[in-house]
Every structure is written in structure tokens, then in C-alpha cells.
Amino acid sequence: MNRRTLLKTLSLGGIGTLIFNSKAETNKKTIRPLVISTWHNQGVAANTAAWSILNNGGSALDAVELGVQQSENDVNNCCVGLGANPDREGIVTLDASIMDHMGRCGAVAFVEGLKSPISLARMVMEKTPHVMLVGQGAQQFAREQGMEILPNKLSENAQESYNNWLIKSEYQPVINIEQSNKPAEESKITVPPAKLENGEFNHDTIGMVAIDSKGNLSGACTTSGMAFKMRGRVGDSPIIGAGLYVDNKIGAATSSGNGEEVIRTCGSFLVVEFMRQGYHPTDACKKAVQRLMEITPTNPKSVQIGFIAINKAGEHGGFSLNPGFDYTATSNEELHQKHVLKSMLK
Ligand code: GLY
């Protein structure tokens, strides 16, 4: 049977697998281990930690957990961990998810006082028959697992941002400022993001996906969500298939940006499905952004979404809706390399 006839006779799922395999066959060198994470500002520290595991033969699962924990522990990070901006009641609530090469997944949402929501998400995955725990139930489970629940106390940066926000208390949740060329103080966007020491803006969410030396994939995603969000609001990060998805046969994807848009499109799942059809990670992310633009009821100029992805062959890429999104890649070929994404809108 020649290749064309074979393709015709296979089912859709089969075709996807075949195209992907044939692509992988022609890919001369499979790159692994490999880790990528959203943003370069926080991505270098996160990838460094993940790489310390991957480069010593450790698992992608351990690598992504340790990797994103660096952002959770960074008290100056405006948008991840307990140092991040609070909701509009002044309380920090955190979301996280994790997924491994066996299709196991765990998530927590709307959790207060927890230093490492990603580790709790992993415990949900490994120690319960469930996928997601939220709010007080998640806190109770954390206590049972010996994790400390800290009282709500805003970091210095978050307190300052919150005080500024309270002056107008405008409910206009805009997640990323990187699409604006203006400095924060001149921008019309009412959410003031923390600035890093080098003058660059900080960003929301860390999403990380990795492949280890055995060829196993895992991913993790953790965030405080939108600054000054409505109490109880949960974004895409803890939703498996939206903020994160891993299929060990195909690849893994994660997202950063306005979670509502990503949830609407099952964004990370969609990226993996496009990779299943044979698309390079960059093209798969682009097609997911295209889909998002087709169905969003929101003005696409007013929101930001970026996807990043890796495939089983160790290729990686990403694509965003608006300009200004970047990610960090680490492998034996590139050390914490910054990749600036192409975007749908200019
Ligand atoms: N992407 C993070 C959020 O929307 O909460």
C-alpha cells in the first residue's frame, strides 16, 4: 500500500498519529531533555531549577513541580504565589494544576494561605481519586498532608498595588500589560503590575512543560489569577485542558493570559490536538489562537493570550494573540534561551 492510499484508508485519529510519526521520523535529532516555561523574566530561575533535575536523569514531573515553585516562592512576583496581587477583597487566592505522562492530573483552585499550590495539586493527583479540590476543602486537605496555611498578609508590592487600585476600585480585569508600549503609570490599564528591577514588567502565570531523558512529558501551571478579580473567580490555570494539557504520545501545552478566553477554547487541549494532526508546536499554538479569535465575544485587542508547546520529538514553539509574549527554553542545545513569540495582531 503506498503512502497516499494508506492515508486515505486510515481513520482521522490514525491519520493524526501517522502524520506525527512520519514527521518525527524525518526529524533527524530528537531533543531531550527539554523544558520550556512562560516568560523570560521568571522563566530563567524556573528553568534553572527544572534543569537541575532533568539534566541529572530526573523525571519531567519532578522538574516541572520544582521549576514553577521558584515563581511561587518569589515574593516579588506580582502574579504567582502568596506575594502576588490579591482579589478585590484584598485576599490572595491561588490556582494550580499539574499533569504527567500517564494522564494523571491534579489541580487546586481558590486556595488561600498556601505557599506551594503546585505541590498540593500534585498531592491531589497522587493521593486522592480526584482531579480538583477548591477553597476550604483544598485547605483542609493541605493541612491533613502537613502543609502550613498562612494568614493572609499581602507582600509589600501587592499592598501598594492594591492601595492604588482601591483609589478607583474599577472592575476592569486586564491581565497583561506587556501589549502596551506605555509605562505603567501612563497606561489606561487600571491594574498596576509590579515592575522588575531591570524595569521590565512582571507577568501573570507560570506554565511549564518538559520532556525528560526517558521521553516522558509533564506540565505544571500556577497563578494568583487576575489582579483584583472578583472573589471566587477562577481562570484557566487549574483547568486541565485549558491552562495545561499533556498527552505523552503527542506533546504538551500550557497558556498564559486571560484565562476566560483560554477556557472558552479548551486552549491547551486544542494545541495538543493540532500537534496530533502533525502541526509543529508553533503552528499548533497559532491555530489555537486563530480559533480563539473566531469565537471570542471580547475585543481581541483588549486581551492577551499566549500558548507554548513541545512535542514528543523535542520541538518547541508558541504563539500569542497580541505582541509582547515570550518564553524560556532550556536543553542541551540552548541554555535558558529567550524566544519572542509571533502574534496574530500587531
Ligand atoms: N491565566 C491565568 C488566569 O487567567 O487566571
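See the structure above.
Report follows, based on the coordinates. Because the structure is predicted, anything quoted here is derived from the model rather than measured. (Residues numbered from 1 in each chain as written. Predicted model: local features only at pLDDT ≥ 70, side-chain atom pairs only at ≥ 80, totals over all residues. Heavy atoms only, no water.)

A few points about unusual backbone geometry
The criterion, for reference: Helix numbers and strand numbers start at the N terminus; a helix is a DSSP run of H or I with at least 4 residues, a strand a run of E with at least 2.
In this chain, Arg 32 is followed by Pro 33 through a cis amide linkage whose omega measures 0°. Take Pro 33: it is sitting in the loop between α2 (12-26) and β1 (34-38). Backbone geometry at Trp 39 places phi at a positive 75°, although glycine is not the residue there. Examined against the element boundaries, Trp 39 turns out to sit in the loop between β1 and α3 (43-54).

Considerations on a nonpolar patch on the surface
For clarity, the cut-off: Residues enter patches when they are more than 30% accessible in relative terms and free of salt bridges; like-charged ones are connected within 9 Å and nonpolar ones (Val, Leu, Ile, Met, Phe, Trp, Tyr) within 5 Å. Here the open area of atoms and residues is found with the Shrake-Rupley method and a 1.4 Å probe, where only the protein chains shown may cover a residue. A pairing counts as a salt bridge when a side-chain nitrogen of Lys or Arg comes within 4 Å of a carboxyl oxygen of Asp or Glu.
On the surface, Val 131, Met 132 and Val 134 cluster together into a nonpolar patch covering about 220 Å² of accessible area. Assignment of secondary structure puts Val 131 in the loop between α5 (117-127) and β4 (132-134).

Considerations on the packing of aromatic side chains
Put simply, the rule reads: Only rings of Phe, Tyr and Trp enter the pairing, Trp through its six-membered ring, and a pair is recorded when the two centres are within 6.5 Å. The plane angle decides the type: under 30 degrees is stacked, over 60 is edge-to-face, the rest tilted. The cut-offs for exposure are 20% and 50% of the maximum accessible area for each residue type, with area from a 1.4 Å probe on protein chains only; residues under the lower value are buried, those over the upper are exposed, and the others partly exposed. We count a charge as sitting over a ring when the NZ of a lysine or the CZ of an arginine lies within 6 Å of the ring centre and within 35 degrees of the ring normal.
For the structure shown, the criterion picks out 6 aromatic pairs. Here Trp 39 and Phe 325 contribute two aromatic rings whose centre-to-centre distance is 4.4 Å and whose plane-to-plane angle is 50°, an arrangement assigned as tilted. With Trp 39 in the loop between β1 and α3 and Phe 325 in the loop between β10 (316-320) and β11 (326-331), the pair connects residues that are 286 residues apart, well separated along the chain. Across the pair, Phe 325 and Trp 39 agree in class, each one buried. Aromatic rings pair up to connect Tyr 162, Trp 165 and Phe 228 into one cluster. Seen from the ring of Phe 274, Lys 287 lies directly overhead, with NZ or CZ sitting 5.3 Å from the centre.

Considering the site of the ligand
Keep this limit in mind: Whether a residue is near a molecule or strand is decided by its heavy atoms; if any one of them lies within 4 Å of it, the residue is near. A 3.5 Å cut-off defines polar contacts: any pair of N or O atoms within that distance qualifies, except that in protein one atom must be a possible hydrogen donor and the other a possible acceptor, and neighbouring residues in sequence count only when both atoms are side-chain atoms. Residues are grouped as follows: nonpolar covers Ala, Val, Leu, Ile, Met, Phe, Trp, Tyr, Cys and Pro; charged covers Asp, Glu, Lys and Arg; every other residue, Gly included, is treated as polar.
Taken together, 10 residues are adjacent to the ligand, and Thr 205, Arg 233, Asp 236, Gly 257 and Gly 259 come closest. Within the side chain of Asp 236, one N or O atom sits 2.7 Å away from a nitrogen atom of the ligand. Considered on its own, the ligand offers 200 Å² of accessible surface; in the complex 100% of this is hidden by protein. Here the shell around the ligand is composed, by residue class, of 1 nonpolar, 6 polar and 3 charged.

Details of α5
The cut-off we apply is this: Throughout, a residue-residue contact means that at least one pair of heavy atoms, one from each residue, lies within 4.5 Å.
Across the 11 residues that make up α5, a large majority, 9, are buried. For α5, the complete set of buried residues consists of Pro 117, Ile 118, Ser 119, Leu 120, Ala 121, Arg 122, Met 123, Val 124 and Met 125. Of the surrounding elements, those touching the buried residues of α5 are α4 (60-73), β2 (94-99), β3 (105-111), β4, α6 (135-144) and β6 (217-223).

Topic: the pattern of salt bridges
The final tally for this structure, using the stated rule, is 13 salt bridges. Notably, a salt bridge pairs Asp 62 with Arg 122, separated by 2.8 Å at the nearest N-O pair. Of the two residues, Asp 62 sits in helix α4 while Arg 122 sits in helix α5, which places them 60 residues apart along the sequence. Note that Glu 112 and Arg 231 form a salt bridge whose closest N and O atoms lie 2.5 Å from each other. Of this pair, Glu 112 sits in the loop between β3 and α5 while Arg 231 sits in the loop between β6 and β7 (244-247); the two residues are 119 residues apart in sequence, bridging distant segments of the chain. You can call Glu 112 partly exposed: its relative accessible area is 23%. Assessed through its relative accessible area of 35%, Arg 231 is described here as partly exposed. Sharing partners across several salt bridges, the network here consists of Asp 62, Glu 65, Asp 100, Arg 104, Arg 122 and Glu 126.

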